[in-house]
Protein chains: 2
Amino acid sequence: MAKHLDRILLEHGSGGLLSNELVAETFIPLLKNRWLAELGDGAVFEIGGTRLCFSTDTFVVHPRFFPGGDIGSLAVHGTVNDLAMCGGTPLYLSAGFVLEEGFPLEELERIVRSMAEAAQRAGVVVATGDTKVVPRGAADGLFINTSGIGIIRCAGTLSPRSIRAGDAVLVSGPIGDHGAAILCVREDVGLTSEIRSDSAPLNGLVERVLAEGPEIHCMRDVTRGGLGTILAELAGQSGLRVTIREKDIPVREAVRGLCEILGFDPLFLANEGCLALFCPGKDAGAVLAAMRSHELGREAAVIGSVSADTRGRLIMETLIGSLREVDLPTGELVPRIC
Amino acid sequence: MAKHLDRILLEHGSGGLLSNELVAETFIPLLKNRWLAELGDGAVFEIGGTRLCFSTDTFVVHPRFFPGGDIGSLAVHGTVNDLAMCGGTPLYLSAGFVLEEGFPLEELERIVRSMAEAAQRAGVVVATGDTKVVPRGAADGLFINTSGIGIIRCAGTLSPRSIRAGDAVLVSGPIGDHGAAILCVREDVGLTSEIRSDSAPLNGLVERVLAEGPEIHCMRDVTRGGLGTILAELAGQSGLRVTIREKDIPVREAVRGLCEILGFDPLFLANEGCLALFCPGKDAGAVLAAMRSHELGREAAVIGSVSADTRGRLIMETLIGSLREVDLPTGELVPRIC
C-alpha cells in the first residue's frame, strides 16, 4: 500500500499500518538482525551468561503536561514498561534530551524532577544522559529519549510466537485512558477532571504475575494504536485467531463518553499503564487474581481467547453479538500521544 | 554565572561551561545517583557478575550529510566511542528516530543504510528501535538517538579520578577534523575536498591499546568542545594540572588554514574519531606504539603530562614558549556539530 509514498506522513508514527510498513520495509531489511525481526517491545540477549533486555523509546508528547502525568514521567514509564513486557526487571535507564533554544529552564526542571520521581517509584536509576540544543524553530520545545536495560529472571520466552490456540487474553485495566486524557486537553472539552492518563510503571504488576507461577506466553504494553492495534499485530504475528468480546473489555464511562462526542473508538486509543497478556486458558483465573491483587490491575479482565485459523486475525464479538474483523488502523488517530 | 538565566541557550548544548552547569545544577541534583555524578562518557555497573557499560547520545547534526560521514554513521560511531571510552566492547545499540512529517523516505533509507554499514564495521548490532513522527515544523528533518551496551573485560577503572601526577597525555590523531568538515559545508568555503570528518569507530583502537597491557587511567572521546574542553574538564575533575604542548598537538594543515580564515581555534573544534588518553608516563611509549599500529592511530602523539597542583587546571605551553591557562569555552562555538 505504501509503495507509492516517497515522504514520511504523520501516520508513519501512528503505530498502525504505515508504522509497521516502515519497520518491515526500511528498518528490518537494512539493519537485518534477529532481534529487530522479533518485533518485540525490546531486544533480549545474553551477556556473560545473564539474560538481559534492552529497549528504547523517544517521547514527543504534546502537550508536555496532561492530567495524570507529563513527558518526564511518561518517558520513564514507557521504557520501564517495554522492559517489563520482555519479562525483565528494569534496572538502568538513559535519558537523551533535545531542547529548543529558548526552552524555559524552570519547565525543564519540573520535567526532570518528574522523571526522578517516576524512576524512584519504578525502582530504576537514570544512570547516563545526553543533552542537545537546537536553534529556535528546529524542535518543538523538548523531546526525550529513554533507553533501558533490564535483567530477565523468568525461564520462558515471552513472544508472539509463544501464543497458542487455547490461550486466554487478559487486559490489566480500562483501555484508552491516556489517549483520552491527551484528547481532553487538546480539544478543551472540559472533562479533564474526570479523565486522567493511566501512565504508570507496570514492572511491579508484571513481577506479581510472574511470581504467581503460571506460564505466560506473551505480554504487550497497550500504547500507540491502542488495544485493537496491539492485538491485531499479535494475531498477525502468531498466525492464530484472537477473538475478543466487546462486552468484557473495560472502558471507563468518561472515556466512552468522550469517544462518542469526538468520534473515536476506545479500541484504538492509547494507554500508558495497561498491558495485554496471553496465557494458557486454564491459568486465566490465577493470572487474573494475581493482576487484581496489584493496585494497577484492580480492574483487570479476561477479554478473549485464541483459536486456530488459516491466518492470524483479530475478531471482535460486538455488543450485539455479531463478529467483525479488526484491522490495523490506517490514518493518524491521535498524533504525538507519547 | 548561569544563575540569572531562565531559558535554554544554544550554548547549553556546546559542551562548554553552560553545558556543564546544566548537568551540574539540574540533572545531577534532581536525578541524583553515583553513575551520573561520575560525569563519564557512559555508566558502568555490574549485572549478574558481569561489568557492563551503558551510554546514550542524540544526534542533531546539520547538515545531515558531510564529507566523511552522515548523521547515520555518526550516530553509530558516537555511541560506540562512548562505550569504548569506558573500556567496554560495544555489543548492542538502540536507535530512536524523530522524523518530521514530509521527510523524504529515500533519504531515510540512505541514513539507515549508513547506520547499518557503520554498525557492521564496528561489530555492533542495532537490536531495538523506535520511530516517532512529528508534524511539519516541529522538528528539523530527523534526529537520531542511539544508546548502547558494552561489556567491560579490562580490570581497572577508567575515570578522571584515576588520573595521577606523572601521567602522560596522548591523542590518537589530528584534532578538529569533524568540526572543520561541518564548518566547510556550512560556510561553503570551497575546501571540502581536503577536509573530511574523522567520524569513525574507536573500539578497535581501544582494544589494541588495552591488549598491549599498560595500565590506562582515563580515556575520553574528543567530541563537542574539542580537545581543549575535554582536557580542561578532566583537569578540573582530577584536581591536577594538565600541561599540553601546542607544538606536539597534531592539526592538519587544511584544518589550521580553515581556522585562520574563519577565526576558530582548532583546540575547540570537535572530532568524532579521536580520543585523549592518560597513562603512567613510563608507559607512554608503549601506548603510543600500540595506537600507531592501528589505522585510526597512525598520527597519534604524546602531547603533555600531569603534575600536582592546588586546583585542577589545563595549561598550554604555546608555540612561542609561554604558558597560558585554557578555560572551558563560553559561547556556542559551532552549533549542531553532532
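Coordinates for the structure precede this section.
To keep things clear, this report deals only with the structure shown in the data block. (Residues numbered from 1 in each chain as written. Chains lettered and ligands numbered in written order. Predicted model: local features only at pLDDT ≥ 70, side-chain atom pairs only at ≥ 80, totals over all residues. Heavy atoms only, no water.)

In the structure shown here, the tally under the stated rule is 0 disulfides over all chains. Not engaged in a disulfide, the cysteine C86 of chain A finds its nearest cysteine sulfur in C53 of chain A; these two sulfurs lie 4.7 Å apart. Cysteine C184 of chain B is unpaired, with the sulfur of C259 of chain B as its nearest cysteine sulfur at 9.6 Å. Residue classification places C184 of chain B among the buried residues on the basis of a relative accessible area of 1%. (Disulfide = S-S within 2.5 Å. Buried < 20%, exposed > 50% of the residue type's maximum accessible area, 1.4 Å probe, protein only.)

Time to look at the nonpolar core. Counting 84 residues, the largest nonpolar core has F97, L108 and L227 of chain A as its most contacted members. Ranked by residues supplied to this core, first place goes to helix 4 (residues 105-122) of chain A with 9 residues. The residues contacting L108 of chain A, other than those within four sequence positions of it, are F97, L99, F103 and L142 of chain A together with I8, L22 and F27 of chain B. Core analysis: the second largest hydrophobic core is formed by 83 residues, A122, V126, I163 and V326 of chain B among them. (Core = buried A, V, L, I, M, F, W, Y, C linked by side-chain atoms within 4.5 Å. Helix = DSSP H or I, 4+ residues; strand = E, 2+ residues; numbered from the N terminus. Contact = heavy atoms within 4.5 Å.)

Expressed as a screw transformation, the operator carrying chain B onto chain A has a rotation angle of 180° and an axial translation of 0.0 Å, and the superposed copies differ by an RMSD of 0.0 Å. The two molecules are tied by a two-fold rotation axis, judged by turn and shift. Residue A139 of chain B of chain B places its C-alpha closer to the rotation axis than any other residue of that unit, at 2.1 Å. (Least-squares fit on C-alpha atoms with pLDDT ≥ 70 in both.)

Take the interface of chain B and chain A next. Where interface size is quoted, it is often the accessible area lost as the parts come together. Each side of the interface is counted separately: chain B has 75 residues, and chain A has 75 residues. Applying the counting criterion to the chain B and chain A interface returns 4 salt bridges. For K132 of chain A, the salt bridge identified is with D57 of chain B, shortest N-O distance 2.9 Å. At the boundary of chain B and chain A, one finds 25 residue pairs in polar contact (both at pLDDT 80 or more). For the side of chain B that touches chain A, the elements supplying multiple residues, two or more each, are helix 1 (17-30), helix 2 (34-37), strand 1 (43-47), strand 2 (50-59), strand 5 (88-100), helix 4 (105-122), strand 6 (125-134) and strand 7 (142-152) of chain B. Split by residue class, the side of chain B that touches chain A holds 42 nonpolar, 20 polar and 13 charged. (Salt bridge = Lys/Arg side-chain N within 4 Å of Asp/Glu carboxyl O. Polar contact = N/O pair within 3.5 Å; in protein donor to acceptor, adjacent residues only side chain to side chain. Nonpolar A, V, L, I, M, F, W, Y, C, P; charged D, E, K, R; others polar.)

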